[in-house]
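Working through the structure, step by step
Given next are the chains, with one letter for each unit.
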Amino acid sequence: MEYIQIDDKLHLERININNSEIIFSAINNNRQFLKKWLPFVDFTLTPDDTKSFIESVLEIPATQRNEVYEIWFYYQFVGLIGFKETDKINLKTEIGYWIVEKMQGKGIVTKSVSTLINYAFKKLKLNRIQIKVAKKQY
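Here's a quick rundown of the structure.

Criteria and thresholds
Residues numbered from 1 in each chain as written. Predicted model: local features only at pLDDT ≥ 70, side-chain atom pairs only at ≥ 80, totals over all residues. Heavy atoms only, no water. Patch = residues over 30% accessible without salt bridge, like charges linked within 9 Å, V, L, I, M, F, W, Y side chains within 5 Å. Areas by Shrake-Rupley, 256 points an atom, 1.4 Å probe, with all protein chains shown as cover. Salt bridge = Lys/Arg side-chain N within 4 Å of Asp/Glu carboxyl O. Lys, Arg positive; Asp, Glu negative; His and termini not counted. Charge placed at Lys NZ, Arg CZ, Asp CG, Glu CD. Helix = DSSP H or I, 4+ residues; strand = E, 2+ residues; numbered from the N terminus. Buried < 20%, exposed > 50% of the residue type's maximum accessible area, 1.4 Å probe, protein only. Pairing = 2+ DSSP bridges. Axes fitted to C-alpha atoms, helices over the stretch in contact; angles between N-to-C directions. Parallel < 35°, antiparallel > 145°, perpendicular 65-115°, else oblique. Left-handed = near helix turned anticlockwise from the far one by under 90°. Contact = heavy atoms within 4.5 Å. Nonpolar A, V, L, I, M, F, W, Y, C, P; charged D, E, K, R; others polar. Phe/Tyr/Trp six-rings, centres within 6.5 Å; stacked < 30°, edge-to-face > 60°.

**Regarding a negative patch on the surface**
Taken together, the side chains of Glu21, Asp48, Glu55 and Glu59 define an acidic patch exposed on the protein surface. Structurally, Asp48 is set in helix H3 (residues 47-58).

**Points about the pairing of strand S2 (residues 10-14)**
Counting buried positions along S2 yields 4 of 5 residues, so the element is predominantly enclosed. Count of turn residues in the strand S1 (residues 3-5)/S2 antiparallel hairpin: 4 residues. Sheet analysis places S2 next to strand S3 (residues 68-73), joined by 5 bridges and oriented antiparallel. Along S3, the bridge assignment pairs Arg14 with Tyr69.

**Some remarks on the packing of helix H1 (residues 20-29) against H3**
Interhelical geometry of H1 versus H3 gives an angle of 120 degrees and a closest axis separation of 8 Å. Relative to H3, the element H1 is oriented oblique. The interaxial crossing formed by H1 with H3 has right-handed handedness. Between H1 and H3, the contacting residues are Ser20, Glu21, Ile23, Phe24 and Ile27 on the first element and Pro47, Thr50, Lys51 and Ile54 on the second. For the contact of H1 with H3, a count of residues per class yields 5 nonpolar, 2 polar and 2 charged.

**Side note on the environment of Ile81**
Checked against the element boundaries, Ile81 lands in strand S4 (residues 76-87). Taking the relative accessible area as the measure of exposure, Ile81 reaches 2% and is therefore buried.

**Concerning the packing of aromatic side chains**
Evaluated as defined, the whole model comprises 5 aromatic pairs. Ring geometry for Trp72 versus Phe77: centroids 5.7 Å apart, planes at 70 degrees, classification edge-to-face. When sorted by exposure, Trp72 lands in the same class as Phe77, which is buried. Ring centres 5.9 Å apart and planes at 70 degrees place the aromatic pair Phe77 and Trp98 in the edge-to-face group.

**Observations regarding the pattern of salt bridges**
A full pass over the atoms with the stated rule returns 5 salt bridges. A salt bridge links Lys111 to Asp7, with the shortest nitrogen-to-oxygen separation between them at 2.9 Å. A residue pair is termed long-range when its members are at least 10 positions apart, and Lys111 in helix H4 (residues 108-122) and Asp7 in the loop between S1 and S2 qualify at 104 residues. Lys111 gets classed as partly exposed once you look at its relative accessible area, which sits at 35%. Residue class for Asp7 comes out buried when judged on its relative accessible area of 18%. Ionic pairing is found between Glu67 and Arg14, a salt bridge with its closest N-O pair at 2.7 Å. Of this pair, Glu67 sits in the loop between H3 and S3 while Arg14 sits in strand S2; the two residues are 53 residues apart in sequence, bridging distant segments of the chain. The burial state of Glu67 is the same as that of Arg14; both residues are buried. Through salt bridges with shared partners, one network takes in Glu2, Arg14 and Glu67.

Here's what the structure looks like:
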């Protein structure tokens, strides 16, 4: 699915190479925050690194690709979410995501994850979904 409207403020769009600079900028501006949980941040040093990642996702044939979506809140890019390590034989997948620091606590991830869970169970006919989360340190 190319576009998923979640509510009047929030939608997901399939990752797009034309947005590589926007995605890189979000990573770069949130580097200290994101690198606590995401090892790829230290290796994402230029917009070309983000472009290469997107190309690596999109070059996989659609029937074998893990879907990755951009998260848009009030038409502002705020993060990525998607399936990873999908096993179509055993009908299972994992959901991974990241969101910029200033957008935490608005229900964006909760609604996005819920939407992808429903999509995975109903449309993809999967029967197991896993998500790994880190506990926020106060």
